[in-house]
Amino acid sequence: MDVSWIPLDYGTLRLIWWLLLGVLLIGFAVMDGFDLGVAALLPVVAHSDEERRVMLNLVGPVWEGNQVWLITGGGAIFAAWPLLYAASFSGLYLAMLLLLVALILRPVGFKYRSKLPDPRWRSTWDWLLCGSGVVASLVFGVAMGNLLLGLPFGVEPSTLRPVYEGNLFQLFMPFALLAGVLSVTMLAAHGAALLAWRTDGNVAMRARQVGGWLALATGVLFALGGVWVALGLDGHVLTGAVDPAAASNPALKTVDLVDGAWMRNFAQWPWMWAAPVLGVAASLLAAPLLWRGAKVLAFLATSTAITGIILTVGFALFPFLMPSSLQPGMGLTVWDASSSHFTLWVMLLATVVFLPIVLSYTGYVYRVMRGTVTPESVSENPNAY
């Protein structure tokens with residue numbers, strides 16, 4: 001197909017879709033992250049059934065809209081990065097299944113938890129909701145950690161079919177577990193910031209106290225992970241000439257493993273240091289903001305920390321999307337794992353049209369549902385969770 005009429009070249013479109021993938025991941029982590037964080041904090045912040053209902057009714061009405069960011073991200077990977085979709089969703093099947101079980105338990109818990117007055121019934125659902133928040137957050141972090149470690153897969157040169165040779169337990173290596181714990185503390189601090197902002201009384205007070213320590217832990221763990229990446233991990237480096245406009249074929253490149261190579265992009269483009277600085281600084285700043293009761297500023301700080309942490313991983317990996325520890329030369333990059341030039345262009349047009357609509361609707365929903373959730377507002381609402 002003649003694509004000379006498309007105003008953006010193939011390499012530029014690939015770069016744009018790499019940026020859009022990052023936007024979707026950040027959007028999911030910020031918007032749905034506080035849902036997971038609130039669920040994880042359920043038995044910690046709330047000490048009575050009334051307080052737990054306040055927490056559930058804060059996120060229960062919006063979790064479905066927030067989940068759209070995850071679905072959209074998966075759809076974008078499927079359409080824009082088919083090789084990445086095939087390698088990750090098939091190879092990491094058991095991890096994906098574990099994640100789905102955790103995510104499915106959440107809406108079921110929201111709907112059924114308060115249907116019966118039996119304390120044992122409600123307590124069981126409370127712990128399941130807490131577990132779903134912790135497990136989902138942990139799996140997301142472990143996945144990000146394994147991207148930096150490299151995943152044990154290869155690509156058949158003749159068919160471009162990904163072949164995964166790892167197992168579920170291999171994903172939980174020490175560095176990946178550190179990334180998983182970082183994800184749990186990061187999202188829990190974000191959930192605590194929302195609770196401190198949108199609730200009152202004892203729930204808000206405990207959320208401020210716990211959230212401050214979680215924010216500090218996030219900054220420390222992120223800094224520790226950065227030192228580990230710089231000094232203790234081998235990174236992947238493209239060698240030889242790279243054509244950003246070439247057809248998608250991972251077999252056409254060569255890759256070397258170099259100690260500390262994930263830091264090379266920060267040396268080549270110093271402006272990228274803004275991401276890890278934001279990640280650490282915003283996390284450490286969120287703690288005193290929470291303790292002092294700066295509601296909106298604390299939430300903005302945890303959101304900024306999430307953004308900085310995810311951008312740091314993306315910048316370190318670039319141009320890799322999914323490095324391979326088994327066959328480094330077959331790792332998937334921005335330049336060799338995308339859909340066609342025409343497909344990326346059509347998708348970009350659709351995004352330009354529909355993304356502002358989705359953002360406008362989301363903003364309208366949150367504007368309508370603004371305000372503080374209190375025990376009185378929950379008891380007066382017959383549709384409350």
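Reading the values: the criteria
Residues numbered from 1 in each chain as written. Predicted model: local features only at pLDDT ≥ 70, side-chain atom pairs only at ≥ 80, totals over all residues. Heavy atoms only, no water. Salt bridge = Lys/Arg side-chain N within 4 Å of Asp/Glu carboxyl O. Helix = DSSP H or I, 4+ residues; strand = E, 2+ residues; numbered from the N terminus. Buried < 20%, exposed > 50% of the residue type's maximum accessible area, 1.4 Å probe, protein only. Expected span 1.5 Å × (residues − 1). Polar contact = N/O pair within 3.5 Å; in protein donor to acceptor, adjacent residues only side chain to side chain. Core = buried A, V, L, I, M, F, W, Y, C linked by side-chain atoms within 4.5 Å. Contact = heavy atoms within 4.5 Å. Axes fitted to C-alpha atoms, helices over the stretch in contact; angles between N-to-C directions. Parallel < 35°, antiparallel > 145°, perpendicular 65-115°, else oblique. Nonpolar A, V, L, I, M, F, W, Y, C, P; charged D, E, K, R; others polar. Patch = residues over 30% accessible without salt bridge, like charges linked within 9 Å, V, L, I, M, F, W, Y side chains within 5 Å. Areas by Shrake-Rupley, 256 points an atom, 1.4 Å probe, with all protein chains shown as cover. Lys, Arg positive; Asp, Glu negative; His and termini not counted. Charge placed at Lys NZ, Arg CZ, Asp CG, Glu CD. Phe/Tyr/Trp six-rings, centres within 6.5 Å; stacked < 30°, edge-to-face > 60°. Lys NZ or Arg CZ within 6 Å of the ring centre and 35° of its normal. Left-handed = near helix turned anticlockwise from the far one by under 90°. pLDDT = per-residue confidence, 0-100.

Enquirer: What am I meant to see in the pattern of salt bridges here?
Expert: Two side chains carrying opposite charge are able to pair once their charged atoms lie near each other. Counting across every chain of the model gives eight salt bridges. Measuring nitrogen to oxygen at the nearest pair gives 3.6 Å for the salt bridge that ties D126 to R52. Of this pair, D126 sits in helix α8 (residues 119–149) while R52 sits in helix α4 (residues 49–59), and the two are 74 residues apart along the sequence. Classification of D126 as buried rests on a relative accessible area of 5%.

Enquirer: Looking at this model, I keep getting lost on helix α1 (residues 10–31). Mind explaining?
Expert: Think of an α-helix as 3.6 residues a turn; residues three or four steps apart then line up on the same face. The end-to-end C-alpha distance of α1, which contains 22 residues, comes to 31 Å, matching closely the 32 Å that a straight helix rising 1.5 Å per residue would cover. With a side-chain oxygen lying 3.1 Å from the backbone nitrogen of G11, the N-terminal cap of α1 falls on D9.

Enquirer: What is the right way to look at the environment of P356 in this model?
Expert: Topologically, P356 is positioned in helix α14 (residues 341–368). Sequence separation between P356 and D243 is 113 residues; the distance between their C-alpha atoms is 33 Å.

Enquirer: Sorry, what's going on with the nonpolar core here?
Expert: Counting 73 residues, the largest nonpolar core has W17, W81, L148, L151, F153, M322 and L332 as its most contacted members. Sort the elements by how many residues they give to this core and α1 lands first, with twelve residues. When residues no more than four places from it in sequence are discounted, the contact partners of W17 are A76, A80, W81, L344, M347, L348 and T351. If you look at the next biggest cluster of nonpolar residues, it comprises 37 residues, including L42, L194, A207 and A384.

Enquirer: Where do I start with the packing of α4 against helix α9 (residues 174–198) in this structure?
Expert: It is at 11 Å that the axes of α4 and α9 come closest, and there the two elements cross at 105°. By the angle between their directions, the pair α4 and α9 is classed as roughly perpendicular. Only L194, L195 and R198 of α9 make contact with α4, whose side of the interface consists of M55, L58 and V59. Its residues assigned to classes, the contact of α4 with α9 shows five nonpolar, no polar and one charged.

Enquirer: Is there a simple way to think about α8 in this case?
Expert: Relative to the 45 Å expected for 31 residues at 1.5 Å per residue, α8 spans 44 Å between its end C-alpha atoms, a close match to the ideal helical length. One side-chain oxygen of the residue at the start of α8 lies 3.2 Å from the amide nitrogen of R120, identifying that residue as D118. Just past α8, the residue G150 takes up positive phi, approximately 90°.

Enquirer: Is there a simple way to explain a nonpolar patch on the surface in this structure?
Expert: On the surface, Y93, L94, L97 and V101 cluster together into a nonpolar patch covering about 390 Å² of accessible area. Within the secondary structure, Y93 sits in helix α7 (residues 93–112).

Enquirer: How should a negative patch on the surface be read in this particular structure?
Expert: A cluster of acidic side chains, namely E50, D200, E376 and E380, defines a negative patch on the protein surface. Within the secondary structure, D200 is located in the loop between α9 and α10 (201–232). Residue classification places D200 among the partly exposed residues on the basis of a relative accessible area of 39%.

Enquirer: Would you explain the packing of aromatic side chains in this entry?
Expert: The description of two aromatic rings rests on the distance between their centres and on the angle between their planes. Enumeration over the complete set of coordinates arrives at 18 aromatic pairs. One aromatic cluster in this structure is built from W18, W269, W271, F315, F318 and W335. The aromatic ring of Y10 is capped on one face by R14, whose charged end is 3.7 Å from the ring centroid.

Enquirer: When you look at the side chain of R206 in this model, what are you seeing that I'm missing?
Expert: One can find R206 in helix α10. Filtering out sequence-adjacent residues up to four positions away, R206 remains in contact with V45, A46, H47, E51 and G211.

Enquirer: How should the side chain of H190 be read in this particular structure?
Expert: Along the chain, H190 falls in helix α9. Residue classification places H190 among the buried positions, given a relative accessible area of 0%. The residues contacting H190, other than those within four sequence positions of it, are A29, V30, G33, F34, F299, T302, S303 and I306.

Enquirer: When you look at unusual backbone geometry in this model, what are you seeing that I'm missing?
Expert: Excluding glycine, residues mostly have negative phi values, and the peptide bonds linking residues are mostly trans. Here F318 and P319 are connected by a cis peptide whose omega angle stands at 5°. Assignment of secondary structure puts P319 in the loop between α13 (295–317) and β5 (320–322).

Enquirer: What exactly am I supposed to notice about the packing of α1 against α14 here?
Expert: Helix-helix packing is described using two parameters, namely the angle between the two axes and the distance between the axes. Orientation of α1 relative to α14, taken along the N-to-C sense of each, is 25°, at an axis distance of 11 Å. Put simply, α1 runs roughly parallel to α14. For the pair α1 and α14, the sense of crossing is left-handed. Counted together, Y10, L13, R14, I16, W17, L20 and M31 of α1 and H341, L344, W345, M347, L348, T351, T362 and Y366 of α14 form the full contact between these two elements. In the contact of α1 with α14, the residues fall into eleven nonpolar, three polar and one charged.

Enquirer: Would you mind showing me how to read the confidence of the model for the protein here?
Expert: Note that predicted coordinates carrying low pLDDT should not be read in detail. Averaged over every residue, the pLDDT of the protein is 91; residues scoring 70 or more account for 100%. Across the protein, element-level confidence peaks in helix α12 (residues 274–291) with a mean pLDDT of 97 and bottoms out in helix α15 (residues 375–380) with 81.

Enquirer: Mind showing me how you'd approach the environment of S132 here?
Expert: Structurally, S132 can be placed in helix α8. Judged by relative accessible area, S132 falls into the buried class, the value being 3%. Spatially, the C-alpha atom of S132 lies 9.8 Å from that of L98, the residues being 34 residues apart in sequence. If we skip the residues at most four places from it in the chain, S132 touches A102, L105 and R106. There is a polar contact of 2.7 Å between the side chain of S132 and the backbone oxygen of L129.

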